[in-house]
Amino acid sequence: MQPRAEMIHWAFGAMILFVGLCLLCEALVGQEVWRMRRWRAYLWPTLAFSLGVLLWPVMAFFTNSAIHMYAHGSWAEVLMLAGGAELALVRGRLTSPWWRLTWPLAFVTAGTAFLVHEQNPWFFARSAFLHHLLGWTFVLAAVFPLALVWRPRSSVLRGGFAVMVVAVSVMLLCDRDVAPIFGHLSALAGTPHR
Amino acid sequence: MRTLVVAVLVALLAPATASAHATLRATSPHFGTEVSRAPTTIRLGFDQHVRLLPDSIRVLDSRGVNLARPAHNAGRSIVAPLRHLPRGPYTVRWHAISADSHVVSGVWTFGVGVPAPAVTSAYGAGGPTRTEHLVRWLWFLGLAATIGVLGLRLIVLRGLTVPRELEHRIAITAGVGALVSLHAGIAAFSLRSEDALQLPFARFLYADLSPMAATRFGRAFVVMTLGFALVLALIYLAWLLDRVVYLVPALALSTVLVAGLSLSGHDAADAGSSWKTEAADWVHIAAASLWIGGLAALVGLVWFAAPSLRRTAFARFSRLATVLVAVVIAAGTYLSIVRLPQLSDLWSTGYGHVLLVKLGLVVLALAWGAFHHFAIGPLIARADDGLLSRIGGSLAAESLVGVAVLLAAAVLVDSRPPTQPIRTSDRQSQAQPAAVTLPP
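This one's a predicted model, so the numbers in the text were calculated from it and none came from an experiment.

1. Observations concerning the overall build of chain B
In terms of regular secondary structure, chain B is built from 15 helices and nine strands. Put simply, chain B has 440 residues, and 43% of those count as buried. Within chain B, contacts between residues separated by at least 24 positions form 76% of all contacts whose residues are at least 6 apart in sequence.

2. Here's the deal with the nonpolar core
The nonpolar side chains of a soluble globular protein tend to be buried with one another. Residue and element names in this part refer to chain B. By size, the foremost hydrophobic cluster in this structure holds 175 residues, and its most contacted members are Ile57, Leu232, Ile235 and Leu298. Ranked by the residues each element gives to this core, the list is headed by helix 10 (residues 275-305), at 18 residues. Leaving out residues up to four positions away in the same chain, Ile235 has contacts with Ala171, Ala174, Gly175, Ala178, Leu247 and Ala250.

3. Let's talk about the sheet that holds strand 6 (residues 72-74) of chain B
The strands making up a sheet associate through backbone hydrogen bonding, with each pair oriented either parallel or antiparallel. All names here are of chain B. The four strands lie next to each other as 1-3-7-6, forming an open sheet whose pairing is antiparallel. Both edges of this open sheet fall to strand 1 (24-28) and strand 6, since each of them pairs with a single strand only. The mean inter-strand angle of the sheet, taken between neighbouring strand axes irrespective of direction, is 25°. The pairing of strand 1 with strand 3 (residues 41-46) spans four bridges and is antiparallel. If you follow Ser28 over to strand 3, its bridge partner there is Arg43.

4. Details of the environment of B:Tyr236
For B:Tyr236, the position within the fold is in helix 6 (residues 216-241). According to the C-beta neighbour criterion, B:Tyr236 is buried, with 24 such atoms within 10 Å. B:Tyr236 sits 61 residues away from B:Gly175 along the chain, and the two C-alpha atoms are 7.3 Å apart. Every residue in contact with B:Tyr236, bar those within four places of it in the chain, is listed here: A:Gly84 and B:Gly175.

5. Topic: the pairing of strand 3 of chain B
All names here are of chain B. The side-chain alternation of strand 3 yields one buried face, formed by Ile42, Leu44 and Phe46, and one unburied face, formed by Thr41, Arg43 and Gly45. Relative to strand 7 (residues 77-81), strand 3 runs antiparallel, the two being bridged by five bridges. Bridge pairing in strand 7 places Arg43 opposite Val79.

6. Considering the packing of helix 4 (residues 66-91) of chain A against helix 5 (residues 102-117) of chain A
All names here are of chain A. Their axes nearest at 9 Å, the elements helix 4 and helix 5 cross at an angle of 170°. Here helix 4 lies roughly antiparallel to helix 5, going by the angle between them. Contact with helix 4, carried on its side by Ile67, His68, Ala71, Ser74, Trp75, Val78, Leu79, Leu81, Ala82 and Ala85, involves Thr102, Trp103, Leu105, Ala106, Thr109, Ala110, Ala113 and His117 of helix 5 and no other residues of that element. Broken down by class, the residue content of the contact of helix 4 with helix 5 amounts to 13 nonpolar, five polar and no charged.

7. Some thoughts on helix 6 (residues 126-141) of chain A
Side chains that are three or four residues apart share a direction in an α-helix, a result of its 3.6 residues per turn. All names here are of chain A. Here helix 6 spans 22 Å end to end across 16 residues, near enough to the 22 Å set by a 1.5 Å rise per residue. For helix 6, the tally of buried residues reaches 12 of 16 residues, placing the bulk of the element in the interior. All buried positions along helix 6 are accounted for by Arg126, Ser127, Ala128, Phe129, Leu130, His131, His132, Leu134, Gly135, Phe138, Val139 and Ala141.

8. A look at the packing of helix 1 (residues 5-29) of chain A against helix 3 (residues 38-61) of chain A
Residues and elements named next belong to chain A. Look at helix 1 against helix 3: their axes get within 9 Å of each other, and the N-to-C directions meet at 165°. In this view, helix 1 runs roughly antiparallel relative to helix 3, as classed from their interaxial angle. Crossing of helix 1 against helix 3: the hand is left-handed. The segment helix 1 lies against helix 3, with Ile8, Phe12, Met15, Phe18, Val19, Cys22 and Leu23 engaging Leu43, Trp44, Leu47, Ala48, Leu51 and Val58. When its residues are assigned to classes, the contact of helix 1 with helix 3 shows 13 nonpolar, no polar and no charged.

9. Quick look at unusual backbone geometry
Residues B:Ser28 and B:Pro29 are joined by a peptide bond in cis, for which omega reads 0°. As for its position among the elements, B:Pro29 is in the loop between strand 1 and strand 2 (34-35).

10. Digging into the domain arrangement of chain B
Residues and elements named next belong to chain B. Segmenting chain B into domains produces domain 1 (19-117) and domain 2 (130-418). A straight line from the C-alpha centre of domain 1 to that of domain 2 covers 41 Å. Across the boundary between the two partners, domain 1 contributes 11 residues, which contact nine residues of domain 2. Residue contributions to the side of domain 1 that touches domain 2 peak at seven residues, all from strand 9 (residues 102-112). Here the residues of the side of domain 1 that touches domain 2 are counted per class, giving six nonpolar, five polar and no charged.

Calculation criteria
Residues numbered from 1 in each chain as written. Chains lettered and ligands numbered in written order. Predicted model: local features only at pLDDT ≥ 70, side-chain atom pairs only at ≥ 80, totals over all residues. Helix = DSSP H or I, 4+ residues; strand = E, 2+ residues; numbered from the N terminus. Buried ≥ 20, exposed ≤ 12 C-beta atoms within 10 Å, placed from the backbone. Contact = placed C-beta atoms within 7 Å. Core = buried A, V, L, I, M, F, W, Y, C linked by C-beta atoms within 7 Å. Pairing = 2+ DSSP bridges. Axes fitted to C-alpha atoms, helices over the stretch in contact; angles between N-to-C directions. Parallel < 35°, antiparallel > 145°, perpendicular 65-115°, else oblique. Nonpolar A, V, L, I, M, F, W, Y, C, P; charged D, E, K, R; others polar. Expected span 1.5 Å × (residues − 1). Left-handed = near helix turned anticlockwise from the far one by under 90°. Domains from an automatic or database assignment.

Quick look at the structure:
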């Protein structure tokens, strides 16, 4: 018995929203204030790493097509890598700022996986539209974590990074398997539900 | 550069213009089931409308004869009437066009009056290839690296002051081992599925793998994937927090997960297999992984990264290896007796040939190990640096033989043992008429 794909999207959307809000708070109040409580420094990197671990069950159980399996696997790996690197940087186990390149890598990989594994056109159904939008958002938003490698203290870049994560979570929370998008729904998609 | 950027953009845009792909929601008969009455139709229900191809549904008997008549659409389902299906196993291969042009495919099996064969044994599946042997070998190497390195740290180096640099290398090596196990598992599952589906790679990407996930191999893949993701996380936490204690559950879990290879191999599925052969196979692989992986870790990590620990680690590992080798030999001997009903099978069957090669390599590794244990062991306490370096080279060579043993084991696990002779009681039961009522 598997839950609907959209429910998995909602669950991950909720967790990613929390990560995005943490990032937004950090960007608004500044890193010094945000890290006045030590545990807060670990909060969003730990969540990102945990999300990576939690994506493995999704990869292993959703085998209705090979390419979905590979897409979920690639998200699991890049989230574990980027979240793990961030956590190690906060902890002091890693010191090179180049490890922050794992975030743009994660964004580009995640976006490409979204675009490649979605085989339906934009206006096929709402989920297809959101997959394309998610893919392009990830690919284009990679510029924020990339620029943060060189300008880690920039409030604008930090804010942009946080807003992008929040935007991604909102898209995931909007996802529904069979629902119209701007009034369009392919006759091939089936009957809308809920 | 501009061309490259354009090419990447086109590659990303291309899927957006491809067509909708359908997902199979229901089948009749359900995959992997044994039906008592021969079905008259095959029905596949999709989540959207699909179009038919010539031979959209083929129902193949054990000789490869197609018993399905041309299929037709029925709403979001496709239905193919069947000729009369005699008692036996059947393979269903299907293809359909979803939306405008995208072809989705799948395979499943069912049995009429007999248990359905595993989908990996569907008609047309060619069996393990060299690529599968290679992937299985990488799987073994990943397991050996994880279990061996963690075992070395927790058993051999227990209570010793381990330099921080060595701790770091131990975590990296064990983590890489877990990652290799994870990836090799995905590759092995993909290859096994591709073989069952008999599709070119481009079409395989959109094929339904659910029937494969429901097999023993598929279930082992799911459990091992989840398990090794957890092992990877535990190793990472041990490294991040400098807490060796997190390696204990990582080692325990990895050792348990070795059972996945046993439960999905011939020892669990072939005639003559029982819980005893499954347990013996698990013990055999776990002990061999700890022995070979531990030996490689002793050379690769301790010998060169922590010279001060060489003597103690060598003596402790030597004692541990003695126990492990005894376990490997005991379990291996039992399994050989079960799998090879006659001694002549050793030289008259392909399985026997691979086993002979493996035995030869094991004997070489054992002789080398015995030399280290009995000849080098007493000298190591007073050996100078030059001798210790030469011992390191000899240990590295022994571990390479161990790696070769794992390659032979990978081929052996994928090979089918000789057929078991039918016992008298089985022969009598086979002579009884089948208690299955079939339509005339």
